[in-house]
Amino acid sequence: MARNGTSLEAAHASVKELIAGKLKYLVPMTIIFIVSYIGLTVFAGFAKDLMGMKIAGAVNLGFALIALNYLLSWVLAIVYGRIAAGKFDPLAARAAMEISGRGN
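Residues numbered from 1 in each chain as written. Predicted model: local features only at pLDDT ≥ 70, side-chain atom pairs only at ≥ 80, totals over all residues. Heavy atoms only, no water.

Caption draft 1: Spotlight on the overall build of the protein. What the protein contains, in helices and strands, is three helices and two strands. Listing every helix and strand of the protein by position from the N terminus yields α-α-β-β-α. Computed over C-alpha atoms, the radius of gyration of the protein comes to 22 Å, more than 25% over the 13 Å expected from 2.2 N^0.38 for 104 residues, which places it beyond the range of a compact globule. Projected onto its principal axes, the C-alpha positions of the protein cover 70 × 20 × 15 Å. Here the protein, with 104 residues, has 21% of them falling under the buried criterion. (Helix = DSSP H or I, 4+ residues; strand = E, 2+ residues; numbered from the N terminus. Rg over C-alpha atoms; globule rule 2.2 N^0.38 Å. Buried < 20%, exposed > 50% of the residue type's maximum accessible area, 1.4 Å probe, protein only.)

Pasting the structure below:
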């Protein structure tokens, strides 16, 4: 089936909009995770006394920060999943319809 240039341009625009929308959320989320992960590694290597400080019973600051890092990972994944379901899935469906030629 032959398609005209306008529908192809609309399909490209939809894909570009989807990619731009994803980058708007993925870049900050990735930066947040990398900073926390590398920060935890730097603290573990260079601030051993601080990381060994007891905060509750046998739990030290290092264990608490590791737990928070795992929690941050899950929170970022859940937030991204909800954003993807609400914003990206409809954009992807629209782009797929336009690419297949049914979006006219």
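Caption draft 2: Here's a closer look at the nonpolar core. Membership of the largest hydrophobic core is limited to five residues, which are Leu-18, Ile-83, Ala-84, Phe-88 and Leu-91. When residues in this core are grouped by element, the largest group, four residues, is from helix H3 (residues 61–100). Setting aside anything within four residues of it in sequence, one finds Leu-91 in contact with Glu-17 and Leu-18. (Core = buried A, V, L, I, M, F, W, Y, C linked by side-chain atoms within 4.5 Å. Contact = heavy atoms within 4.5 Å.)

Caption draft 3: Examining a nonpolar patch on the surface more closely. On the surface, a cluster of nonpolar side chains totalling about 780 Å² of accessible area is made up of Phe-43, Leu-50, Met-53, Ile-55, Val-59, Phe-63, Ile-66 and Tyr-70. Top element by residues in the nonpolar patch is H3. It accounts for three residues. If you trace the backbone, Tyr-70 turns up in helix H3. Look at Tyr-70 and you get exposed, because its relative accessible area is 58%. (Patch = residues over 30% accessible without salt bridge, like charges linked within 9 Å, V, L, I, M, F, W, Y side chains within 5 Å. Areas by Shrake-Rupley, 256 points an atom, 1.4 Å probe, with all protein chains shown as cover. Salt bridge = Lys/Arg side-chain N within 4 Å of Asp/Glu carboxyl O.)

Caption draft 4: Seen up close, the pattern of salt bridges. Tallied over the full model, the rule gives one salt bridge. Its salt-bridge partner being Glu-17, residue Arg-94 comes within 2.5 Å of it at the nearest N-O pair. A residue pair is termed long-range when its members are at least 10 positions apart, and Arg-94 in helix H3 and Glu-17 in helix H1 (residues 5–46) qualify at 77 residues. Judged by relative accessible area, which is 35%, Arg-94 ranks as partly exposed.

Caption draft 5: Quick look at the environment of Ile-78. With respect to the helices, strands and loops of the structure, Ile-78 is situated in helix H3. Taking the relative accessible area as the measure of exposure, Ile-78 reaches 45% and is therefore partly exposed. When the C-alpha atoms of Ile-78 and Ser-100 are compared, they prove to be 31 Å apart, with 22 residues separating the residues in sequence.

Caption draft 6: Inspection of the environment of Leu-8 at higher detail. As for its placement among the helices and strands, Leu-8 is situated in helix H1. Considering only alpha carbons, one finds Leu-8 and Ile-99, 91 residues apart in sequence, at a separation of 6.9 Å.

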